[in-house]
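# Fold and geometry: a report
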Amino acid sequence: MKQVVVVGAGYVGLTTGAVLAYLGHRVKVLDVDPARVEDLKRGKLPFFEPHLQELISLSQARLAFTSQYEEAIPTAEVIFIAVGTPSGPDGAPDLSQARSAALGIGRHLGEGFTVVVNKSTVPVGSGNYVEAMVRRAFWEAHGQEPRAYAVVSNPEFLREGQAVYDSLYPDRIVVGAEDKRALEVMRELYEPILEQSFAPPPFLPRPERMGAVPFITTDLASAELIKYGANAFLAMKISFINELAALAERVGADIREVARGIGLDSRIGPRFLQAGLGWGGSCFPKDTLALVAMGEEYGIPMPLVRAAREVNFLQRQRVVDKLLGELKTLKGRTIALLGLAFKPHTDDLRESPALELAVLLLGRGAFVRAHDPMALTRAQSEVSLPLEYAKTPEDLLRGVDAVVLATDWPEYRTWPWESLRGLMRVPLVMDARNHLDRDRLVAAGYRYLGIGVPSLGVLNKEGIPGSK
Ligand code: UGA
């Protein structure tokens, strides 16, 4: 059992804290926002993440929240930095939060050997930077070198919406370190996960065939690059299938069949080959941009990563073009958006493809009315676009000229599409995630468009108001 501090109560920090407490460690989660800490003490989470609340309840005897470095740091054996690293103006991550965390840690570092763990996604070389900041802050506070500490990089691979599952049952754990003692501390910390020796929580049983988890130990720079490499590769994979989807449409192929056919090649793999509106969220856009910025800094142009970004942003435009192809003009039309979150099972709106699409539609003079099962409240306070919001399928679809599915929430498949059709001005469905049951929609009288799949159903063009 170790004394752990996690600095930053975001998706990564809170999940890491809750999981480590669940495994038996004593954990303090530190956030500089006192209001967030007060909420957490009262059991209120700052965002929605499946199973996190339940895991925190199961672990609360070993989990505390604070906003004070001096209270948490001196007795800690392992300190995670899990703060935000948003894109700065030049595309490189803004490290100001990581810097102030390192300074706060350095000022209050205790007597015993302490491992400072970089979990935030930071450019290669940041481990050394954090090390220097901790050392400097300690020196300023105490007039001497800190006794015993080491900085390691431990990149995070969890997905929002599946954060607890990914943390308990990861594909691998990567630790970059120069210090052997620090590596051993990290191995001990993660032992229950590496050996899968913990009792699974009742709401997340261990997957069948789950074996021991590979523990990758490497140098700091490699660990930092593994994180960027993984995210950029996944983003490229999605952009590749989206690029191919455009061609599939032209030649009359079905991209879902193509993805299945190529994904069964074990060298390629079936996941992250779902064509759609492209990727968004707080990670892929930021991390690919950071990789391009890093390449520029070191004189490596990174054309593949740049192209993946370009294809991704074109994908939103392609949906607008498809709507134009059917409706001729978007001026004055009302378009319904199914989904606002950047993906299902989260209320996170950062870099959401749905919102980028909304911007393009508004730019074409359309009205946009949106629904989301989880993110509506957040959208109302965080989004500054002139969107209308609808809480029910009926309110969303009444009088609209098309409905675009932007986020693949499972419940959209089970909406009563047959009875909703009559509410729409034009029964046009643009399924930008290939998620709906197209045969059912066509049987119900809709015109159905997807991404990289044949369009089905007919619209009576004469009957489309304003299309001539
Ligand atoms: C991503 C990575 O998957 C995690 O491994 C990583 O830890 C995380 O970034 C991070 O750096 O913190 P996340 O952003 O939560 O996780 O979401 P993903 O599930 O990867 O989805 C990203 C975007 O890609 C979503 O907009 C999703 O709709 C889209 N996507 C995903 C597709 O368009 N097609 C696919 O086949 C898969």
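A brief structural summary. (Residues numbered from 1 in each chain as written. Predicted model: local features only at pLDDT ≥ 70, side-chain atom pairs only at ≥ 80, totals over all residues. Heavy atoms only, no water.)

### Describing the overall build of the protein
Here is the rule we go by: For the purposes of this entry, the term helix denotes a DSSP run of H or I that reaches at least four residues, the term strand denotes a run of E that reaches at least two, and both are numbered from the N terminus. Radius of gyration means the value over C-alpha atoms here, while the globule rule gives 2.2 Å times the residue count to the 0.38 power. For each residue, the accessible area found with a 1.4 Å probe, counting protein chains only, is set against the maximum for its type, and the residue is called buried under 20%, exposed over 50%, and partly exposed in between. Here, two residues are considered to be in contact whenever any of their heavy atoms come within 4.5 Å of each other. Accessibility throughout is a Shrake-Rupley quantity obtained with a 1.4 Å probe, and a residue counts as covered only by protein chains that appear here.
Helix and strand counts for the protein stand at 17 helices and 14 strands. In terms of overall size, the protein behaves like a compact globule, its C-alpha atoms giving a radius of gyration of 24 Å where 468 residues would be expected to give roughly 23 Å. Seen through its C-alpha atoms, the protein measures out along the principal axes to roughly 80 × 50 × 45 Å. Taking all 468 residues of the protein together, the buried fraction comes to 54%. In the protein, the proportion of contacts linking residues at least 24 apart, taken out of those at least 6 apart, comes to 74%. Total accessible area computed for the protein in this model is approximately 20200 Å², and 54% of it derives from carbon and sulfur atoms.

### Section: the pairing of strand β2 (residues 26–30)
For clarity, the threshold we go by: A strand pair is defined by DSSP finding two or more bridges across the two strands. Note on handedness: a clockwise path from strand one over the helix to strand two, with the strands aimed away from the viewer, defines a right-handed crossover.
Both strand β1 (residues 3–7) and β2 contribute to a ladder of five bridges, which runs parallel. Following the sheet pairing, V6 is matched in β2 by V29. In this region the chain leaves β1, passes through helix α1 (residues 11–22) and returns to the parallel neighbour β2; the handedness of that crossover is right-handed. As paired strands, β2 and strand β3 (residues 63–66) are joined by four bridges and run parallel to one another. Counterpart to V29 in the pairing with β3 is F65.

### Quick look at the sheet that holds strand β12 (residues 402–405)
This is how the line gets drawn: For helices, the fitted axis covers only the stretch in contact; all axes are lines through C-alpha atoms, and the angles between them, taken along N-to-C directions, range from 0 to 180 degrees.
Here we have six strands laid out as an open sheet, ordered β11-β10-β9-β12-β13-β14, and parallel in their pairing. Only two strands of the sheet have a single neighbouring strand rather than two, namely β11 (388–389) and β14 (447–449). When strand β9 (residues 334–338) meets strand β10 (residues 367–371), the two strands line up parallel, connected through five bridges. Paired with L337 across the two strands is A370, which belongs to β10. The strands that helix α12 (residues 303–327) touches are β9, β12, β13 (428–431) and β14; relative to β13, the one it contacts most, it runs at about 160°. Helix α13 (residues 353–363) rests against β9, β10 and β12 of the sheet, and its axis sits at about 175° to β9.

### Brief notes about unusual backbone geometry
Phi angles above zero are rare outside glycine, and M302 is one such case at about 55°. Accessibility expressed as a relative area gives 23% for M302, which makes it partly exposed. A positive phi is found at H345, a non-glycine position, where the angle reads about 70°. Along the chain, the position of H345 falls in the loop between β9 and α13. You can call H345 partly exposed: its relative accessible area is 36%.

### Focus: the pairing of strand β4 (residues 78–81)
If a strand is regular, its side chains alternate between the two faces of the sheet. Going residue by residue along β4, you find V78 and F80 tucked away on one face and I79 and I81 tucked away on the opposite face as well. As paired strands, β1 and β4 are joined by four bridges and run parallel to one another. Bridging from a neighbouring strand, V4 pairs with V78 of β4. Pairing between β4 and strand β5 (residues 114–118): four bridges, direction parallel. Within β5, the residue paired with V78 across the bridge is V115. Once the chain exits β4 it traverses helix α5 (residues 96–108) before rejoining the sheet at β5, and the crossover so formed is right-handed.

### Focus: the environment of P465
In this fold, P465 is placed in the segment after β14. Separated by 131 residues in sequence, P465 and T334 place their C-alpha atoms 12 Å apart. Aside from chain neighbours lying at most four places away, what touches P465 is R333, R425 and V426.

### Topic: empty space enclosed by the protein
Quick reminder of the rule: Each cavity reported here is a set of points on a 1 Å grid over the protein atoms alone in which a 1.4 Å probe fits but cannot get out, each pocket an open set with protein on both sides within 12 Å along at least five of seven lines, and each lining residue one with an atom within 4 Å of a point. Grid points are joined across faces, edges and corners, and a volume is the space filled by probe spheres set on the points. Asp, Glu, Lys and Arg are counted as charged, while Ala, Val, Leu, Ile, Met, Phe, Trp, Tyr, Cys and Pro are counted as nonpolar; the rest, among them Gly, fall into the polar class.
Taken as a whole and assessed by the stated rule, the structure comprises one cavity of 30 Å³ or more. Empty space within the largest cavity amounts to approximately 60 Å³. The leading source of residues in the lining of the largest cavity is helix α9 (residues 220–251), at three residues. Across the lining of the largest cavity, the residue classes break down as three nonpolar, four polar and four charged.

### A look at the layout of surface pockets
We count it as follows: Note that the domain bounds were set by an automatic or database domain assignment.
For the second largest pocket, the calculated volume is near 930 Å³. Taken together, 38 residues form the lining of the second largest pocket, with G10, V83, G84, T85 and R350 sitting closest to its centre. Only α1 and α5 provide two or more residues apiece to the lining of the second largest pocket. Inspection of the lining of the second largest pocket shows a minimum of three residues originating in each of domain 1 (3–218) and domain 2 (219–468).

### Some points on the site of the ligand
This is how the line gets drawn: Residues are labelled near a given molecule or strand when at least one of their non-hydrogen atoms is within 4 Å of it. Think of a polar contact as two N or O atoms within 3.5 Å of one another; within protein, one of them needs to be a possible hydrogen donor and the other a possible acceptor, and neighboring residues in sequence only count if both atoms come from side chains.
Near the ligand, the surroundings consist of 20 residues, among which F157, L158, E160, K227 and N231 are the closest. Within the backbone of L158, a nitrogen or oxygen atom sits 2.7 Å from an oxygen atom of the ligand. Within the backbone of L273, a nitrogen or oxygen atom sits 3.4 Å from an oxygen atom of the ligand. A total of 710 Å² of accessible area belongs to the ligand in isolation, and the protein chains cover 91% of it. Sorting the residues of the shell around the ligand by element identifies α9 and α11 (284–298) as the ones contributing at least two each. Broken down by element, the residue count for the shell around the ligand peaks at three residues, all from α9. Residues that form the shell around the ligand fall into these classes: nine nonpolar, four polar and seven charged.

### Quick word on the packing of α9 against α11
Inclusion rule: Should the near helix be turned anticlockwise from the far one by less than a right angle, the crossing is left-handed, and should it be turned clockwise, the crossing is right-handed.
Taken N-terminus to C-terminus, the directions of α9 and α11 make an angle of 115°; their axes are 9 Å apart at the nearest point. Like other packed secondary-structure pairs, α9 and α11 cross with a definite hand, here left-handed. Taking contact as the criterion, the partners of L225, K227, Y228, N231, A232, L234, A235 and I238 in α9 are, on α11, F284, D287, T288, A290, L291 and M294. Of the residues assigned to the contact of α9 with α11, the class counts are ten nonpolar, two polar and two charged.

### Details of the packing of α5 against helix α6 (residues 126–142)
To keep it simple, the criterion reads: To sort the angles, those under 35 degrees are grouped as roughly parallel, those over 145 as roughly antiparallel, those from 65 to 115 as roughly perpendicular, and the leftovers as oblique.
Where α5 meets α6, the closest approach of the two axes is 7 Å, and the angle between their N-to-C directions is 40°. Put simply, α5 runs oblique to α6. In the packing of α5 onto α6, the handedness of the crossing is right-handed. Note on element contacts: α6 touches α5 through Y129, V130, M133, V134, A137, F138, A141 and H142, opposite R99, A102, L103, G106 and R107.

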